[in-house]
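Below are the chains, spelled out letter by letter.
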Amino acid sequence: WNIINFRKSLVVAMISDGHTVTVLAPRDDSVIALENLGCRFLELEMCVKGLNPFQEIKLILRMWKIFRANQPDAILSFTIKNNIYSALAARHFSIAVVHPPASKFIFSTPVTSRGISSFNASGATPEVLAQPINKSNGLKNEKVSGFITS
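Residues numbered from 1 in each chain as written. Predicted model: local features only at pLDDT ≥ 70, side-chain atom pairs only at ≥ 80, totals over all residues. Heavy atoms only, no water.

(A) Examining the packing of aromatic side chains more closely. Under the defined criterion, the tally for this structure stands at two aromatic pairs. Ring plane angle 75° and centroid distance 5.6 Å describe the contact between Trp-1 and Phe-6, whose orientation is recorded as edge-to-face. On the basis of relative accessibility, which here comes to 58%, the residue Trp-1 falls in the exposed class. Look at Trp-64 and Phe-93: their rings are 5.3 Å apart centre to centre, the planes differ by 40°, and that puts the pair in the tilted class. Here the residue Trp-64 occupies a position in helix H4 (residues 53-70), and Phe-93 occupies one in the loop between helix H5 (80-91) and strand E4 (96-98), the gap between them amounting to 29 residues. Since its relative accessible area comes to 18%, Phe-93 is described here as buried. (Phe/Tyr/Trp six-rings, centres within 6.5 Å; stacked < 30°, edge-to-face > 60°. Buried < 20%, exposed > 50% of the residue type's maximum accessible area, 1.4 Å probe, protein only. Helix = DSSP H or I, 4+ residues; strand = E, 2+ residues; numbered from the N terminus.)

(B) Structural view of the pairing of strand E2 (residues 40-43). In the sheet, strand E1 (residues 20-25) pairs with E2 via four bridges, with the strands oriented parallel. Residue pairing for E2: Val-23 is matched across the bridge by Phe-41. The parallel pair E1 and E2, bridged by helix H3 (residues 31-37), forms a crossover whose chirality is right-handed. (Pairing = 2+ DSSP bridges. Right-handed = clockwise from strand over helix to strand, strands pointing away.)

(C) Spotlight on a nonpolar patch on the surface. Side chains of Ile-80, Ile-84 and Leu-88 sit close together on the surface and give an oily, nonpolar patch of about 320 Å² of accessible area. Tracing the sequence through the fold places Ile-80 in helix H5. Residue classification places Ile-80 among the exposed positions, given a relative accessible area of 66%. (Patch = residues over 30% accessible without salt bridge, like charges linked within 9 Å, V, L, I, M, F, W, Y side chains within 5 Å. Areas by Shrake-Rupley, 256 points an atom, 1.4 Å probe, with all protein chains shown as cover. Salt bridge = Lys/Arg side-chain N within 4 Å of Asp/Glu carboxyl O.)

(D) Region of interest: the side chain of Glu-56. Structurally, the position occupied by Glu-56 is in helix H4. Among the polar contacts made by the side chain of Glu-56, one reaches the side chain of Tyr-85 at a distance of 2.9 Å. Not counting residues within four places of it along the chain, the set of residues in contact with Glu-56 comprises Cys-47, Gly-50, Leu-51, Lys-81 and Tyr-85. (Polar contact = N/O pair within 3.5 Å; in protein donor to acceptor, adjacent residues only side chain to side chain. Contact = heavy atoms within 4.5 Å.)

(E) Structural view of the pattern of salt bridges. Applying the stated criterion across every chain yields a total of two salt bridges. Two residues, Arg-27 and Glu-43, come together in a salt bridge whose shortest N-O distance is 3.4 Å. Of this pair, Arg-27 sits in the loop between E1 and H3 while Glu-43 is found in strand E2, placing the two residues 16 residues apart along the sequence. Overall, Glu-43 belongs to the partly exposed group, its relative accessible area being 46%.

See below:
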(Lines give C-alpha, C1' and ligand atoms only; values in the text may rest on other atoms or scores of the structure.)
Protein backbone atom coordinates (compact mmCIF):
# COMPACT_ATOMS: atom_id res chain seq x y z
CA TRP A 1 0.00 0.00 0.00
CA ASN A 2 2.73 2.44 0.98
CA ILE A 3 4.79 1.86 -2.15
CA ILE A 4 1.94 2.03 -4.67
CA ASN A 5 0.48 5.14 -3.02
CA PHE A 6 3.65 7.08 -2.19
CA ARG A 7 6.50 5.62 -4.28
CA LYS A 8 4.82 4.60 -7.55
CA SER A 9 6.57 7.24 -9.65
CA LEU A 10 9.94 6.21 -8.18
CA VAL A 11 9.30 2.56 -9.06
CA VAL A 12 8.20 3.51 -12.58
CA ALA A 13 11.31 5.69 -13.07
CA MET A 14 13.62 2.93 -11.87
CA ILE A 15 11.99 0.28 -14.07
CA SER A 16 11.99 2.67 -17.05
CA ASP A 17 15.71 3.14 -16.56
CA GLY A 18 16.30 -0.60 -16.78
CA HIS A 19 16.57 -1.55 -13.12
CA THR A 20 15.06 -4.76 -11.80
CA VAL A 21 12.82 -3.80 -8.87
CA THR A 22 11.64 -6.26 -6.27
CA VAL A 23 9.21 -5.11 -3.60
CA LEU A 24 9.59 -6.86 -0.26
CA ALA A 25 6.59 -6.13 1.96
CA PRO A 26 3.60 -7.72 3.66
CA ARG A 27 0.98 -8.82 1.11
CA ASP A 28 -1.94 -6.45 0.66
CA ASP A 29 -4.34 -5.28 -2.05
CA SER A 30 -1.60 -3.38 -3.92
CA VAL A 31 0.39 -6.46 -5.02
CA ILE A 32 -1.37 -6.79 -8.38
CA ALA A 33 -0.84 -3.08 -9.11
CA LEU A 34 2.86 -3.38 -8.25
CA GLU A 35 3.27 -6.42 -10.48
CA ASN A 36 1.44 -4.59 -13.28
CA LEU A 37 4.09 -1.84 -13.04
CA GLY A 38 6.76 -4.47 -13.72
CA CYS A 39 7.91 -5.17 -10.17
CA ARG A 40 8.56 -8.54 -8.72
CA PHE A 41 6.83 -8.94 -5.36
CA LEU A 42 8.13 -11.03 -2.49
CA GLU A 43 5.98 -11.33 0.58
CA LEU A 44 7.59 -10.41 3.88
CA GLU A 45 5.78 -11.85 6.84
CA MET A 46 5.99 -9.30 9.63
CA CYS A 47 4.02 -7.64 12.39
CA VAL A 48 4.28 -3.96 11.54
CA LYS A 49 3.60 -2.82 15.11
CA GLY A 50 5.22 -5.82 16.80
CA LEU A 51 7.47 -5.36 19.81
CA ASN A 52 8.26 -8.97 20.70
CA PRO A 53 12.09 -9.22 20.50
CA PHE A 54 11.98 -12.87 19.37
CA GLN A 55 9.63 -12.03 16.50
CA GLU A 56 11.82 -9.08 15.54
CA ILE A 57 14.92 -11.31 15.41
CA LYS A 58 12.98 -13.75 13.23
CA LEU A 59 12.10 -10.86 10.90
CA ILE A 60 15.77 -9.92 10.52
CA LEU A 61 16.59 -13.56 9.78
CA ARG A 62 13.79 -13.72 7.16
CA MET A 63 15.25 -10.66 5.47
CA TRP A 64 18.74 -12.16 5.67
CA LYS A 65 17.54 -15.35 3.95
CA ILE A 66 15.76 -13.38 1.22
CA PHE A 67 18.81 -11.20 0.58
CA ARG A 68 21.08 -14.26 0.53
CA ALA A 69 18.84 -16.03 -1.98
CA ASN A 70 18.33 -13.00 -4.26
CA GLN A 71 21.62 -11.06 -3.90
CA PRO A 72 20.26 -7.60 -4.75
CA ASP A 73 22.73 -4.85 -5.60
CA ALA A 74 20.91 -2.31 -3.44
CA ILE A 75 18.09 -2.02 -0.94
CA LEU A 76 15.95 1.10 -0.71
CA SER A 77 13.95 1.21 2.50
CA PHE A 78 11.32 3.70 3.66
CA THR A 79 9.92 2.80 7.07
CA ILE A 80 11.76 2.90 10.39
CA LYS A 81 11.58 -0.79 11.24
CA ASN A 82 12.65 -1.85 7.77
CA ASN A 83 15.39 0.79 7.67
CA ILE A 84 17.03 -0.77 10.71
CA TYR A 85 16.35 -4.43 9.99
CA SER A 86 17.23 -4.35 6.28
CA ALA A 87 20.56 -2.70 7.12
CA LEU A 88 21.32 -5.39 9.69
CA ALA A 89 20.35 -8.20 7.31
CA ALA A 90 22.20 -6.75 4.31
CA ARG A 91 25.42 -5.94 6.15
CA HIS A 92 26.70 -9.52 5.93
CA PHE A 93 26.41 -9.45 2.12
CA SER A 94 27.85 -5.94 1.61
CA ILE A 95 24.63 -4.85 -0.10
CA ALA A 96 24.18 -1.09 -0.49
CA VAL A 97 21.31 0.09 1.72
CA VAL A 98 19.68 3.48 1.13
CA HIS A 99 17.47 5.16 3.72
CA PRO A 100 16.06 8.36 2.27
CA PRO A 101 15.43 11.43 4.39
CA ALA A 102 11.97 12.90 4.07
CA SER A 103 12.74 15.60 1.52
CA LYS A 104 15.29 14.15 -0.91
CA PHE A 105 17.37 11.02 -1.21
CA ILE A 106 20.12 9.61 -3.34
CA PHE A 107 19.76 6.14 -4.78
CA SER A 108 23.50 5.56 -4.86
CA THR A 109 23.71 2.88 -7.49
CA PRO A 110 24.66 3.24 -11.13
CA VAL A 111 21.92 4.13 -13.55
CA THR A 112 24.36 4.53 -16.43
CA SER A 113 28.02 5.33 -16.68
CA ARG A 114 27.01 9.02 -16.45
CA GLY A 115 26.85 9.14 -12.67
CA ILE A 116 24.70 8.48 -9.64
CA SER A 117 20.96 8.79 -9.90
CA SER A 118 19.04 11.03 -7.53
CA PHE A 119 15.27 10.92 -7.10
CA ASN A 120 13.22 13.52 -5.31
CA ALA A 121 10.85 12.40 -2.55
CA SER A 122 7.87 12.25 -4.89
CA GLY A 123 9.83 9.73 -6.95
CA ALA A 124 9.87 11.88 -10.08
CA THR A 125 12.35 11.75 -12.92
CA PRO A 126 15.92 10.83 -11.97
CA GLU A 127 18.50 13.59 -11.99
CA VAL A 128 22.09 12.67 -12.76
CA LEU A 129 24.65 14.07 -10.37
CA ALA A 130 28.21 15.01 -11.21
CA GLN A 131 29.91 12.21 -9.28
CA PRO A 132 31.24 9.50 -11.60
CA ILE A 133 30.65 5.82 -10.99
CA ASN A 134 33.75 3.87 -10.13
CA LYS A 135 34.56 0.25 -9.36
CA SER A 136 35.12 1.03 -5.67
CA ASN A 137 31.40 1.50 -4.99
CA GLY A 138 31.04 -2.26 -4.57
CA LEU A 139 28.19 -2.70 -7.02
CA LYS A 140 28.15 -5.66 -9.35
CA ASN A 141 26.88 -4.21 -12.60
CA GLU A 142 25.63 -1.11 -14.34
CA LYS A 143 21.93 -1.92 -14.21
CA VAL A 144 20.91 -2.57 -10.65
CA SER A 145 18.69 -5.22 -9.18
CA GLY A 146 17.29 -3.80 -6.00
CA PHE A 147 14.74 -4.33 -3.29
CA ILE A 148 12.32 -1.76 -2.02
CA THR A 149 11.06 -2.49 1.47
CA SER A 150 8.02 -0.78 2.89
